[in-house]
Every structure is written in structure tokens, then in C-alpha cells.
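Descriptive structure summary
If you want the building blocks of each chain, they are given just below.
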Amino acid sequence: MRNSLRLIAISVALWFGFSASIANAGIFDGQTVNYQYYFPDLSTPYAAAANGDYLVDSAVEVADVVDGHGTIDFGGDGFVISFTDSSSFSSAAFNGFVISDVSSTLSPFSSFSLVSNTGVMGTPTLSFDSDHLYVNWEGLSFTSGNLVFSVNSIADKDNVVTDTISAVPEPETYAMLLVGLGLVGYAARRKRIVH
């Protein structure tokens, strides 16, 4: 009996670990995003940057933010910009970059924020719409350090709202139900043996 309970406990632990890794995949993980730098306005692409499409994986995606300065590493629900030297961004209507959902596979963006900033003197202007993230750091200086950005999205890409959709439990809910039923069965069996 104890071996059976031990086997159930190990199975449940493995299930939780497996289902948590699936359920916690981030917005950008395994997706393709487009990076485009703009200067002096949003209608003028800037050629001295690593503009293009990038598959988000475990490596640094953008090796040249602009003019040989900085890298961008996407992962999970955000990205990190790292600078190793110092300089400044010229003043203009727009001096920054746009991240786009090229393949229309990302859920629409619902928020965009700067979590921490040890690389830019001042705060970049952030904005977003459902498929684009805008970072404008015109007129600001940067130094060796990082900027950490967080992104949230709407889970439903089509934004379909209907009253007939019923909730579907997550796999963890089923696992907890099975554990609970197992414990109830164990307690009932033990009570029957004792009396």
C-alpha cells in the first residue's frame, strides 16, 4: 500500500512539473518578432541597426541595437537590453525601436512596462498597440547596464467574447482532483481496516 502511495505521489509531482513547464511558456518563447529601429521619426527606418526578423530562442536575438551599441535578449514575457559602453541618443521626434508581431502568432499585447533600468539616464517613452511595442529614448544618455521590459498579452488572439464558452480546467486542476480522491480513498480504507 505504501509503495502504491509513493508511486502516486511521484507521478503527481512529475505531472505538476511537466504541466507547469507547458503552462508557463512565455509570450515570446519560440515566436518570430521583427525589430526595426527608427530615426528621426517613425516613418524613417534607420539602417545602422540590426533590423530584421528574429526567432526567439535561448540566445541573444538582436546583437546590435543601434550604431554598434547594445543587445536585446527576448525570453518569456519580456526582453532585456544590455549596454556595455556609454553614449547618447540624439533628440528627434522618434529615436528608438519598434518590436512587431510579424507572423500574427502572438496574442495581442495588453501592457508594456519598464521593470528596471540601470542602463539609461532617464526613462524612455513606452507605448504599444495590439501588435507593436514602441521604445523612444530620444535625447537620453546610456551607460553600461540593463533595461528590463515586461510585456503582457490578451490570451485570445481573436478577441472573441461569447457567453456560451464554459471554463476548461487546467491540467493541474485534474491532478489535484486525483490526489484528493486518492487521499479520500486512502483515509476511507484505513478507517475500515482500523475498525
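Just above sits the structure.
Right, let's walk through the structure included here.

Focus: the nonpolar core
Counting residues in hydrophobic clusters, the biggest one holds 32 residues, and the most contacted among them are F28, Y35, F79, I81, F97 and W137. Of all the elements in the fold, those that place two or more residues in this core are β1 (32-38), β3 (71-75), β4 (78-83), β6 (96-100), β7 (109-117), β10 (132-136) and β12 (145-153). If we skip the residues at most four places from it in the chain, Y35 touches A49, A50, N51, G52, Y54, V62, D64, V65, I72, F97, V98 and I99.

Thoughts on the sheet that holds β7
Overall, antiparallel pairing links the four strands, which are arranged β3-β4-β12-β7 in an open sheet. Bordering the open sheet on either side are β3 and β7, each of which pairs with just one other strand. Strand-to-strand, the axes of this sheet are offset by a mean angle of 20°, without reference to chain direction. With six bridges joining them, β4 and β12 adopt antiparallel strand pairing. Directly across from G78, in β12, lies its bridge partner S150.

Topic: the sheet that holds β1
One open sheet holds the five strands; their spatial order is β2-β1-β6-β10-β9, and the pairing between them is antiparallel. Looking at which strands have only one partner, the edges of the open sheet turn out to be β2 (52-55) and β9 (125-129). Sheet twist, expressed as the mean angle between neighbouring strand axes with direction ignored, is 20°. When β1 meets β2, the two strands line up antiparallel, connected through four bridges. The partner of V33 across the bridge, within β2, is Y54.

Structural notes on the pairing of β10
In terms of residue burial, β10 counts as a mostly covered element, since four of its five residues are buried. As judged from the five bridges shared by β6 and β10, these two strands associate in the antiparallel manner. The residue of β10 that forms the bridge with V98 is Y134. Judged from the five bridges that link them, β9 and β10 form a sheet pairing that is antiparallel. Directly across from S127, in β10, lies its bridge partner Y134. The antiparallel hairpin formed by β9 and β10 contains two residues in its connecting segment.

Cut-offs and rules
- Residues numbered from 1 in each chain as written.
- Predicted model: local features only at pLDDT ≥ 70, side-chain atom pairs only at ≥ 80, totals over all residues.
- Heavy atoms only, no water.
- Core = buried A, V, L, I, M, F, W, Y, C linked by side-chain atoms within 4.5 Å.
- Buried < 20%, exposed > 50% of the residue type's maximum accessible area, 1.4 Å probe, protein only.
- Helix = DSSP H or I, 4+ residues; strand = E, 2+ residues; numbered from the N terminus.
- Contact = heavy atoms within 4.5 Å.
- Pairing = 2+ DSSP bridges.
- Axes fitted to C-alpha atoms, helices over the stretch in contact; angles between N-to-C directions.

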